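Spelled out from the first residue to the last, the chains are:
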Amino acid sequence: MKNKITLVLIVLVSTLLFPFSALAAEKQDRALIISTSNDITEVRILDTIISNFTSDITVKSDEESIKLDEYTHVFYVGTINKKISTDLINQMENFQGKVIFFGKNVEQLKKRFAFVKTFKYETIRSVSIPKSTIRTEIEETRIIKKIEVVGKNQEIIASGDDTKPLIIKDNDSYYVGTTTFHNPIGMVIGEALYEVFGKQPNSERVKYLRLEDIHPKVDAANLKEVAKYLKEQNIPYLVTVIPVYTSPKTQEEINLSDVPELVKVLQYMQKNGASFILHGYKHQYRDTETGEGFEFWDVDNNRPVYQSKDDKIVIPTNEVQQQKLEDYEKKYIEDAIQNGVEEMISHRLYPLAFEPSHYAMSQAGYKIIAEHFSTYVGQLQITDQSRKSTYSLITDGKPSFLHGMKLIPETMGYIDKDIKNPNNPYELSLKNMKAKGDDIAQYSDSYFAAFYHPYLGLDTLKEVLSILNSYPNTTWLDLKQSTNEVKVDDILIQSNNGEITIEKDILSSEYETTIVVNHSFKYFLIAGGLLFIMVIYLITSRFNLNSSTEIRNE
């Protein structure tokens, strides 16, 4: 009884002395983005940037019912001039968390944002963070709000052209003079959010090499040379696999089962540092070269894949027609994923993540993919208006529109031929890759991530690796070391701590059944041939023995 009383007293004293410590430990950051426009493009980019700090992100229109006390951080995106409701003004004025206000309408919060006055726009060609060495040039002119800081205790978090305020802080209130978040402004906002969320960057950053577009027509010997070198260097790496190659001229399909030498190389790679990414099923929708075409985006019509490539294009005029098109897209993507995973695992090749061809995929497509993959690799298509509306996060994250998938970014591009310099065709690409790496090296937790086509050869790959290795305090990404999950029908692939486990039926698909039958038939023929040879040998031996006996008897 005495011990119980002592325990109760300890708990009471702890609660009195540290009343909020337990609550603070349990409290999770919850971010709300309030949008004032139907154009969701910039909001999704902001969502992506915030996702480096919390995966609990809600996006709402300012027309919806909003209760700010459910969140820790509120981001108001004032894309258009609009009257803020009295209720929302009162909530933001009295909100105990942090309010980050972007763009227009800030003058309506007369108390919380009394420290800032905005005027018409001005232009900038660079962004910087005054209390650091971070400074990035902008390729094209950007427009920001002209800001006057009213007061003495405010802090300039970020500037344009070194002297023009871009992000201003006053206690728990932040004003950002823009609603366009494409990089490098997005990178500067991301850097500022470390302070907003009260988080410290990691001491080590991540780098990775991704071998791209590995399909059944790839030169197996060349790939093996690259794989052996990476093994010698003890470098883990990523490999995007396309299980089927389709000839754009003859429509002939080549499967992995048709190229056993390539399969052996891929199995060797998986055992020696490679982690596989499903890069679609055919990397092709219309009659384009596998590895060059798009699979999950109808480029000719700039829309999702809503119909068979040979069908007459339907422009929906009602909800029924639109639903029919969306149903087609869903089945098309589901079939591609199912077939791709089934064919890979039939050869004991286990994908751990997904990457669409050319990063092109609809918002509905992301939702479908998230039902099967826990990890997405690459850049993001932000809207269904155009495949060119992409954003490249420089850290990892979990944007809300990826529906739980972890995003592993690609940040430094790839090696392309520079026709202006035939003596060194890759010189410009290598310089551009290094320049991108040097720029993002200024920012916290940035990934140094590049992809490479093995047909370019080992020498150029060594130059890419030299660039990736030039950044200190970095570690190679080994996807197998982290938790990843892939699930289609009754197939479950999981990875963690360097191990891959798989749950499936003995024969999980028609493709695998066909392979087993063909292999069994091949072994049957071999066994039958050996048996036939043995029988002939025994008969011949018997005949020779009889002949010898007859001769001796004579």
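Computed from a predicted model, the values in this text were never measured in an experiment. (Residues numbered from 1 in each chain as written. Predicted model: local features only at pLDDT ≥ 70, side-chain atom pairs only at ≥ 80, totals over all residues. Heavy atoms only, no water.)

S.K.: Tell me about the overall build of the protein chain, residues and numbers included.
M.R.: Within the protein chain one finds 12 helices and 24 strands. Residues counted as buried form 50% of the 554 residues belonging to the protein chain. Sequence separation of at least 24 residues holds for 67% of the intrachain contacts in the protein chain that already meet a minimum separation of 6. When the accessible surface of the protein chain is split by element, carbon and sulfur atoms take 52% of a total near 28,300 Å². (Helix = DSSP H or I, 4+ residues; strand = E, 2+ residues; numbered from the N terminus. Buried < 20%, exposed > 50% of the residue type's maximum accessible area, 1.4 Å probe, protein only. Contact = heavy atoms within 4.5 Å. Areas by Shrake-Rupley, 256 points an atom, 1.4 Å probe, with all protein chains shown as cover.)

S.K.: Give a description of the confidence of the model for the protein chain that names residues and reports values.
M.R.: Per-residue pLDDT for the protein chain averages 90, and the proportion of residues at 70 or more is 89%. Confidence over residues 1–26 falls short of pLDDT 50; this stretch has one contact with residues more than four positions distant or in other chains. (pLDDT = per-residue confidence, 0-100.)

S.K.: Could you give me a rundown of the sheet that holds strand β3 (residues 73–78), with the residues and numbers involved?
M.R.: Reading across from one edge, β2-β1-β3-β4-β9-β8-β7-β5-β6 is the order of the nine strands in this open sheet, with mixed pairing throughout. Two strands lie at the open edges of the sheet, namely β2 (57–61) and β6 (135–149), each paired on one side alone. When strand polarity is set aside, the average angle formed by the axes of neighbouring strands in this sheet is 25 degrees. Of the strand pairs in this sheet, strand β5 (residues 116–128) and β6 are connected by 10 bridges, and their pairing is antiparallel. Residue pairing in the sheet places Thr 123 in a bridge with Ile 143 of β6. (Pairing = 2+ DSSP bridges. Axes fitted to C-alpha atoms, helices over the stretch in contact; angles between N-to-C directions.)

S.K.: Provide a residue-level description of the packing of aromatic side chains, including the pertinent values.
M.R.: Tallied over the full model, the rule gives 18 aromatic pairs. Aromatic side chains Phe 354 and Phe 373 sit 5.4 Å apart centroid to centroid with 45 degrees between the ring planes, which places their arrangement in the tilted category. With Phe 354 in strand β15 (residues 351–354) and Phe 373 in the loop between α9 (363–370) and β16 (375–377), this pair connects stretches of sequence that are 19 residues apart. Neither residue differs from the other here; Phe 354 and Phe 373 are each classed as buried. Put simply, the rings of Phe 53, Phe 75, Phe 102, Phe 181, Tyr 194 and Phe 197 pair up and form one aromatic cluster. Arg 44 extends its terminal NZ or CZ atom over the ring of Phe 401, reaching a point 6.0 Å from the ring centre. (Phe/Tyr/Trp six-rings, centres within 6.5 Å; stacked < 30°, edge-to-face > 60°. Lys NZ or Arg CZ within 6 Å of the ring centre and 35° of its normal.)

S.K.: An account of the nonpolar core is requested, with residue identities and associated values reported.
M.R.: With 131 residues, the main nonpolar core has Phe 75, Leu 209, Leu 211, Met 269 and Val 341 as its most contacted residues. Ranked by residue count, the leading element in this core is helix α5 (residues 185–196), at eight residues. Setting aside its immediate chain neighbours within four residues, Val 341 contacts Leu 278, Pro 351, Phe 373, Val 486, Val 488, Ile 491 and Ile 493. Met 92, Phe 95, Val 116 and Tyr 175 belong to the second-largest nonpolar core, a separate cluster that totals 22 residues. (Core = buried A, V, L, I, M, F, W, Y, C linked by side-chain atoms within 4.5 Å.)

S.K.: Outline a nonpolar patch on the surface, supporting the account with residue identities and numerical values.
M.R.: Residues Ile 506, Leu 507 and Val 516 make up a contiguous nonpolar surface patch of roughly 290 Å² in combined accessible area. Relative to the elements of secondary structure, Ile 506 occurs in the loop between β24 (499–503) and α12 (510–553). Overall, Ile 506 belongs to the exposed group, its relative accessible area being 77%. (Patch = residues over 30% accessible without salt bridge, like charges linked within 9 Å, V, L, I, M, F, W, Y side chains within 5 Å. Salt bridge = Lys/Arg side-chain N within 4 Å of Asp/Glu carboxyl O.)

S.K.: Report on helix α6 (residues 220–232), specifying residues and quantitative values.
M.R.: Because each turn of an α-helix spans 3.6 residues, side chains separated by three or four positions end up pointing in the same direction. Here α6 contains 13 residues, and its C-alpha end-to-end distance of 18 Å stays within 8% of the 18 Å for a straight helix at 1.5 Å per residue. When α6 is considered as a whole, its buried residues turn out to be Ala 220, Asn 222, Leu 223, Val 226, Ala 227, Tyr 229 and Leu 230. In the core, the buried residues of α6 are packed alongside β10 (205–214), β11 (237–241), α7 (260–271) and α11 (458–468). Its side-chain oxygen placed 2.9 Å from the backbone nitrogen of Ala 221, Asp 219 serves as the N-cap of α6. Positive phi shows up at Asn 234, right after α6, with a value of about 60 degrees. (Expected span 1.5 Å × (residues − 1). Polar contact = N/O pair within 3.5 Å; in protein donor to acceptor, adjacent residues only side chain to side chain.)

S.K.: Break down empty space enclosed by the protein for me, with residues and values.
M.R.: To find leftover empty space, a probe the size of one water molecule is rolled over the atoms. Under the counting rule described, the total for this entry stands at two cavities of 30 Å³ or more. Here the largest cavity defines a volume of roughly 110 Å³. Lining the largest cavity are 15 residues, and of these Met 187, Gly 190, Glu 191, Ile 394 and Thr 395 sit closest to its centre. Here the lining of the largest cavity takes five residues from α5, the largest share from any one element. For the lining of the largest cavity, the class distribution of residues is eight nonpolar, six polar and one charged. Roughly 50 Å³ of internal volume is contained in the second largest cavity. Lining the second largest cavity are Ile 100, Ile 167, Tyr 174, Val 176, Ile 189, Ala 192, Leu 193 and Val 196. Residue assignment for the lining of the second largest cavity shows that the elements contributing at least two residues are β9 (173–176) and α5. Broken down by element, the lining of the second largest cavity gets its largest block of residues, four residues, from α5. Along the lines of polarity and charge, the residues of the lining of the second largest cavity split into eight nonpolar, no polar and no charged. (1 Å grid on protein atoms, 1.4 Å probe; cavity = no way out; pocket = protein on both sides within 12 Å on 5 of 7 lines; lining within 4 Å. Points joined across faces, edges and corners; volume = space filled by probe spheres on them. Nonpolar A, V, L, I, M, F, W, Y, C, P; charged D, E, K, R; others polar.)

S.K.: Please provide a residue-by-residue account of the sheet that holds strand β22 (residues 484–488), values included.
M.R.: As summarised here, the arrangement of the three strands in space is β22-β23-β24, forming an open sheet in which the pairing is antiparallel. Pairing within the sheet leaves two strands with one partner each, and these edge strands are β22 and β24. Sheet twist, expressed as the mean angle between neighbouring strand axes with direction ignored, is 10 degrees. Of the strands in this sheet, β22, β23 (491–496) and β24 touch helix α8 (residues 319–346), which is tilted by about 70 degrees from β23.

S.K.: Lay out the side chain of Ser 173 with the relevant residues and their values.
M.R.: Inspection of the secondary structure puts Ser 173 in strand β9. Of the residues examined, Ser 173 reaches a relative accessible area of 5% and is grouped as buried. With sequence-adjacent residues up to four places away left out, Ser 173 is seen in contact with Val 99, Arg 112, Phe 113, Phe 115 and Ile 168.

S.K.: Tell me about the side chain of Thr 179, and name the residues and values.
M.R.: Mapped onto the elements, Thr 179 comes out in the loop between β9 and α5. Residue classification places Thr 179 among the buried residues on the basis of a relative accessible area of 16%. Ignoring sequence-local partners within four residues, the contact set of Thr 179 consists of Glu 42, Val 77, Gly 78, Thr 79, Phe 102 and Gly 103.

S.K.: Describe the pattern of salt bridges, with residues and values.
M.R.: Going through the model one piece at a time under the given rule, you end up with 21 salt bridges. For Lys 331, the salt bridge goes to Asp 335, with nearest N and O atoms at 2.8 Å. Placement of both Lys 331 and Asp 335 in helix α8 is noted, with a separation of four residues, approximately one turn of the helix. On the basis of relative accessible area, Asp 335 is assigned to the partly exposed category, the value being 32%. The network of salt bridges with shared partners includes Lys 131, Glu 155, Lys 169 and Glu 195.

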